Structures are given as structure tokens and as C-alpha cells.
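# Report on the structure
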Amino acid sequence: MELLATAGPALMEALALILQPQQIGFLVCGVLLGLVIGVFPGLGGIAGLSLVLPFMFGMDPVAGLALMIGLIAVVPTSDTFSSVLLGIPGSAASQATVLDGFPLAKRGEAGRALAAAFVSSLFGGLFGALVLTTMIFFARPLILAFNIPAMLAVTLLGLSMVAILAGRIPLKGIVAAGLGLLAGTIGLGGPGGSPRMSTYDTPYLLEGFSLVIVGLGIFAIPEIVSLLRQDRAISKSGTLGRGWLDGLRDWTRNIWLSVKCSGIGVMVGMIPGLGGTVVDWIAYGYTVQSAKDKSQFGKGDIRGVIGPESSNNAKEGGGLVPTLVFGIPGSASMAVFIGGLALLGYEAGPHMVRNNLDVTYTIVWSLALANVVGAGLCIFLANPIARLTTIRFTLLAPFLFMMIAFAAFQARQSLGDLVALMVIGLIGIFLRRFDFSRAAFLIGFVLSSQAEAYASQFYQIASSRMRQGGFEGVLDYVGTPLVFGILVLTVASVWIGLKQGKHVYGNDSTPVGAKRAPVIFMLAITLYVAVSVWNATTIGFAGDKVFPLTVGTVTLVGCSLLLLRMRRAAEDDAIFADNEQGGEDGAAPHGLWATLGWFAGLLALSALFGFIIALAIFLLAFFRVRAQVSWERTLLLSASAITLICVLAGSLGRDFPPGLLQQFVDLPWPLT
């Protein structure tokens, strides 16, 4: 009650602090930096916060908090640009936005999609700030209720979204999700550190794959290659269509959807370890399940933008609850934020809430104001930036591939990052070609590590309770109302998804051709899964083998059932979907392998000469030969691209992938 009595004065004192002109200036600087960071695919809030951390030393605490919160709040808003305009997830929190935002841009309605997204983000951010304000005192019992079984149940709820995203053939969605889960278990096992999942003693694979690389490879590479093969602008109509007023009307018509998805964002954000990696998928799944007409989802339904965008901004307010109340980071970016608080002289946790309530509420006000400023700037810039969709894509593709290659390299600072990007990109291309759900694959990968961690901890604790108290001891541990409620939601989600998920694709038919190519791809998947299962059986430590063995076995069963159905199905069955037999890909003037050859050439040149020298050669050849522009434009575009990447790398203090040349010749930066 004493804390409650001081809440009102603390709120007003915090508002007076943040409204000082100097603090507003730092807040706007943070917002502008977050806008720039968010626009570049794959960087996200962690890179931005890492950039500003060195400036926290000796900084005024309120100014430092305004700078960091301004950056954190606006990244989930600005990353929408690349998700909608280019089909490239700007960050982990904007992956689901691609599913309907990018088709809207291709229809010439980029301005409408962006405006609806930004209004939804603004509402979600303010909703999250409001909840954070009230939950600072009341969150403790709720957060503590999420024990290991509840966390595992929430993870299963996230996986249940696969039912909605499975596509026309549910078994394909299950297999895609299983592949994602298996990809997430590549590397050293958590409990015992055993090398797993056919790493073949490759040092790079021992650390597993980065989410940035997998997200960019599964979504960005296939879309870039597809658009490049068609050699036209992203927008088929060449116009921007309806603008931000129409996006605002769309949001107004779906305001209750925005409210509900904002609530989902706050709740998921409050659970430490989940955050932006899954919240947009849960919100998208709810959006589809709650819709009466599902025929346009995946093809440009504005509700598929409003739902995820409302949730991913609201989750920032939710993520600050465990961060500020307990000092437990709600996400990876919150972990960096805690480090920034320490540099400003504060320790996140109960001590801060009790003794520095005004500073705590400064964070709340900063979050609210940053969302207003950030969304306003994004809405103002929506139509000008949306004009990117009317530019011939052949001129944009080299810039995009350069940016995602740079973002991927930041995972390990190794040439292996680029190799992994190309390999996973190739997997994404084949998943897209044969109508496997790339979203299901990504959900599986995202949830793999935490699902395994929670499953391992649950197994150990449940085994101990079984030895001590028998089955009743395990039931007392698992059978809480919270766990039961989440499991009921999960079962309902799967049932509704399997029953109604087919309506997401309406009556559209996929191109089908000969059986040979789909069957060969399915056999390759089955072979990999079988090898992975065999590999899991050879692991000596039981704690490292249970999860991959279970997932691999289920996936192998799914592969076997698919192959059995392929054997019995007619040649025109949807199970033999092959986008190379028709549609945009089938009619593309440029071949798949010839297009991939350009990017493979950049990779090979990087291995020989280092990234910058290879990039210069690649750009000159690409613009002159593939894009067929004049030498003057070729030189101008190539110089602009190299200047852009060098300025970005220099400001972030990053290096570029070295090649064989750098082992023999000492070159200055950025050629090192």
C-alpha cells in the first residue's frame, strides 16, 4: 500500500523529468537511430543497443534511459518497412507480417499496409506502456506462476500455430516444423554438451545456427531470387495504391482485433525467454482462427498485418515487466538493456522499484512517447519509402543481398555465416517451390532451443518427484490451473487450425507437374531426417538425445506418411505442388540456377579476396551484365552500395568477412 500511495507522485515526477527539452532530444535521437536500425533487415534492437552502450558512461540517467527506450520502442515499428516492402523480415518480431504485408505491396497497396501496421504498432506500444504502468506492482504473482511445466506448455502453444500455417497438406506443415526443430538442435547439446544432429565434426556447426541467418535464409533469399528472376518492380501495378488514411480506416474497423493481439503481446512479453521470437506467430494464429472469412490470409489480408504488428510492439511493455520487477530479462534485447541500466548506476529488480520509482516510471513515459514519435515518423515516411516497390527490382537486389549478407556475418564474424545463409536460403527456395510452410519451419527453429531446455528440466524435476512421491508428486507439480488452461488452448488451437486452416488458402490451386521433382525432394528430406534419428541414437548422454530423438522420430513418421500418400495419389494431386510448373516462377524469364549463380559467385569471390573486394567485382558485373545499365550508372550504383556498407560497418564497429588473400597480404580496413 505504501508503494501504491507513492505511485501517483512518482508518475508526475517522471513525466516532468522526461518532458525536459534535453531529454526529449535524446528520446528523438534514440527513435531516429531505432528507425535506421530497424529498416536494415536482420540487425534489430540488440545491435542498436550495443551501439549506444559505450555512450552510457557518465551520461545523465534520464537522458540515457530516454535514448535506450527510444531505440527499443521503435525498432519493432520500423522493421515493418522491409517486411512489407521487400518480403524480408526486419527482425524476429516481424516475420509473420511478411505473410500478408508483402502480398499487399505486390498488389500495389504498400502505403495502406504500412499505415495500418504503424497505427497498430502505435496502439500496441501505448497499450504495453499502460499495462507496464499498472503491472509494476502486481506482476510478481503472475510471473512466478509460470513454472517449468507452464513454460513448456506455452512453447507447445506456439508450436500449435503450425496447424494454421500448415498449408493445403497438413502433413507438410508437420514435416516442415519438424525440420525446423531438428535444425534448432544442430550443435552441442544443452545438458551434456554432446555434438548432435550430424555436425560431422564441423567447428562452425558445433555452435548451431543463428536465428538471423535462418530467418533471412528461409524468407529473404527465396523472395529476392523469385523477384529477381521476374525482372520487374515488386508492385505489379507500378503504383502505391491507397495510402495511410485507408490504413487508418482498416485499423479502426479491426480495433478489437488490435486490442486482443496487444493483450497477447503483453502476456507473451512478460514470460522471460519468449518475447519477440514467438509473439507475432501466436497473434497471427489467433487472427486467422478468429476470422470468419479466411480466404485472403497469406494473399494480402490487412488483418494479417494488424494482428502481428499490434502484438510485437505491445510485447516491449510486457518484456519490461520481468526486467524491471525481477531483473530477469524478458528477451535478448532486455538483457542488453539491463547492462545499460548498470552503466547508468541502476540495478534492475525489486530494489529499483522500491527505491527509484521515479526512474522506473521515466522508462514507462519514455516508452509511451517513443511509440508516438516513432509511429508518427513512420506514417509520415510511409508513402515516400513505399515508392521503393515501384523501382525495377534488378536494381534493388544487389543492395538487399549485400545488406542481408552483412547482417548474417554478424552472427559469428565468419565466412561460414555466408555459407550457412546460402545453404539455408536454398532450403527455403525448395520449401517455397514444393509448397512446404516456411513459417512452420521457422516456428520450429525458433522454439527448438527453449522447448528442449524446458523439456529437459521438466523431465529431471518430474523424475525426482516420481521417485520421492510417486505419481501424485508429479501430478501436483504439473496439474496447476495455469498449465491446464494453456494446454486446453493448445488443443483448441490445433483442432481449429486443422479444421479451418485450409480456408486460409481459399480455392486457389497450386501448379502441379510431374511427380518426379516433388518425390525426389521428399526423399531427400526423409533421408536427412533418418540420418538425424540414427545420429541421435548414437549420443551417449541421455539428456542430449531425448529431444532430437523424439522430434526426429515424429518427423520421420510424417515423412513416411507423405511418401505413402505420394505413391497412391494421382499426378494432379496438390501433394505434388511445384511452383516451377506454373504461376510467377514458372513464367519467369530468368532461370533459378542462373540467378543463384550470381550469389554463389559473390560467396566464392569472398572466400578468395574478402567481402569488400568481392562485392566490388560482383556489383560491377551484376549491374553491367545482369541489369544491363550503362557504365556510368554501374559505377555510381556500385560506389553507392560500397559506401553505404562501409559507413554502416564503421558506425557499428564491425568488420567484413576476410578471404584467402587476407592471409597473405596485410590490407587496411575495410579490405581486411
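Check the entry above for the structure.
The structure reproduced in this document is the subject of the present report. As the structure is a prediction and not an experimental result, all values here were calculated from the model.

Calculation criteria
As a convention, each chain's residues are numbered from 1 in the sequence order in which they are written. With the structure being a predicted model, the display of local features is reserved for residues of pLDDT at least 70 and the display and counting of side-chain atom pairs for 80 or more, all residues being used for whole-chain, interface and lining totals. Values reported for side chains reflect all heavy atoms of the structure, with hydrogen atoms and water molecules removed beforehand. Secondary structure follows DSSP: runs of H or I at least 4 residues long count as helices, runs of E at least 2 residues long count as strands, and numbering of each begins at the N terminus. It only takes one pair of heavy atoms within 4.5 Å for two residues to be counted as in contact. The convention used is that axes are lines fitted to C-alpha atoms, helices contributing only their stretch in contact, and that angles between N-to-C directions extend from 0 to 180 degrees. An angle below 35 degrees is read as roughly parallel, one above 145 as roughly antiparallel, one from 65 to 115 as roughly perpendicular, and any other as oblique. The crossing is said to be left-handed when, going from far helix to near helix, the turn is anticlockwise and less than a right angle, and right-handed when the turn is clockwise. In this classification, Asp, Glu, Lys and Arg are treated as charged, Ala, Val, Leu, Ile, Met, Phe, Trp, Tyr, Cys and Pro as nonpolar, and every other residue, Gly included, as polar. The span one expects for a helix is its residue count, reduced by one, times 1.5 Å. To obtain the bend at a residue, axes are fitted to the seven residues ending there and to the seven starting there, and the angle between these axes is taken. Only protein chains enter the accessibility calculation, which uses a 1.4 Å probe. A residue is then buried if its area is under 20% of the maximum for its type, exposed if over 50%, and partly exposed in between. Patches in this entry comprise residues that are over 30% relatively accessible and not in a salt bridge; like charges within 9 Å are linked, as are nonpolar side chains (Val, Leu, Ile, Met, Phe, Trp, Tyr) within 5 Å. Accessibility throughout is a Shrake-Rupley quantity obtained with a 1.4 Å probe, and a residue counts as covered only by protein chains that appear here. In the sections that follow, a salt bridge refers to a side-chain nitrogen of Lys or Arg positioned within 4 Å of a carboxyl oxygen of Asp or Glu.

Looking now at the overall build of the protein chain. For the protein chain, the helix and strand inventory stands at 28 helices and two strands. Contacts in the protein chain between residues far apart in sequence, at least 24 positions, make up 80% of those at least 6 positions apart.

Turning next to unusual backbone geometry. In this structure, Asp435 takes a positive phi of about 65 degrees despite not being glycine. Assignment of secondary structure puts Asp435 in the loop between α20 (415-433) and α21 (438-478). A positive phi angle, near 55 degrees, is found at Gln628, a position not held by glycine. Examined against the element boundaries, Gln628 turns out to sit in the loop between α27 (611-626) and α28 (631-652).

Let us now look at the packing of helix α19 (residues 393-409) against α20. Axes are the key here: two packed helices are described by the angle between their axes and the distance separating the axes. Contact pair α19 / α20: the axes reach a minimum separation of 8 Å and the direction vectors enclose 125 degrees. When the axes of α19 and α20 are compared, the pair comes out oblique. For α19 against α20, the interelement crossing comes out right-handed. In contact with Phe401, Ile404, Ala405, Ala408 and Phe409 of α19, α20 contributes Leu415, Asp417, Leu418, Leu421 and Met422. Each residue belonging to the contact of α19 with α20 can be placed in one class, and the counts come to nine nonpolar, no polar and one charged.

On to helix α11 (residues 211-230). With 20 residues, α11 should cover 28 Å at 1.5 Å per step; its first-to-last C-alpha distance of 29 Å lies within 8% of that length. The sharpest bend along α11 measures roughly 35 degrees and falls at Gly217.

Here we come to the environment of Ala150. Note on placement: Ala150 falls in helix α8 (residues 148-159). For Ala150, a relative accessible area of 0% puts it in the buried group. For the pair formed by Ala150 and Thr480, sequence separation is 330 residues and the distance between their alpha carbons is 8.5 Å.

A word on a nonpolar patch on the surface. Nonpolar side chains collect at one region of the surface, where Leu608, Phe609, Ile617, Leu660, Phe664 and Val665 lie side by side and expose about 530 Å² of accessible area between them. Within the element layout of this structure, Val665 appears in the segment after α28.

Moving on to the pattern of salt bridges. Within the structure shown, the criterion is met by nine salt bridges. Residue Glu109 is joined to Arg107 by a salt bridge in which the shortest nitrogen-to-oxygen separation is 3.2 Å. Residue Glu109 is classed as buried on the basis of its relative accessible area, which comes to 13%. Among the salt bridges present, the one from Asp578 reaches Arg433, with a minimum N-O distance of 2.7 Å. Here Asp578, found in the loop between α24 (542-568) and α25 (583-586), pairs with Arg433, found in helix α20; they are 145 residues apart in sequence, far enough to count as distant. One exposure class covers both Asp578 and Arg433, and it is buried. Where salt bridges share partners, they join Arg107, Glu109, Arg112, Asp250 and Arg253 into one cluster.

With that settled, the discussion passes to the side chain of Thr394. Position of Thr394 relative to the elements: it lies in helix α19. Accessibility expressed as a relative area gives 0% for Thr394, which makes it buried. With sequence-adjacent residues up to four places away left out, Thr394 is seen in contact with Leu228, Asp231, Phe622, Phe623, Arg626 and Ala627.

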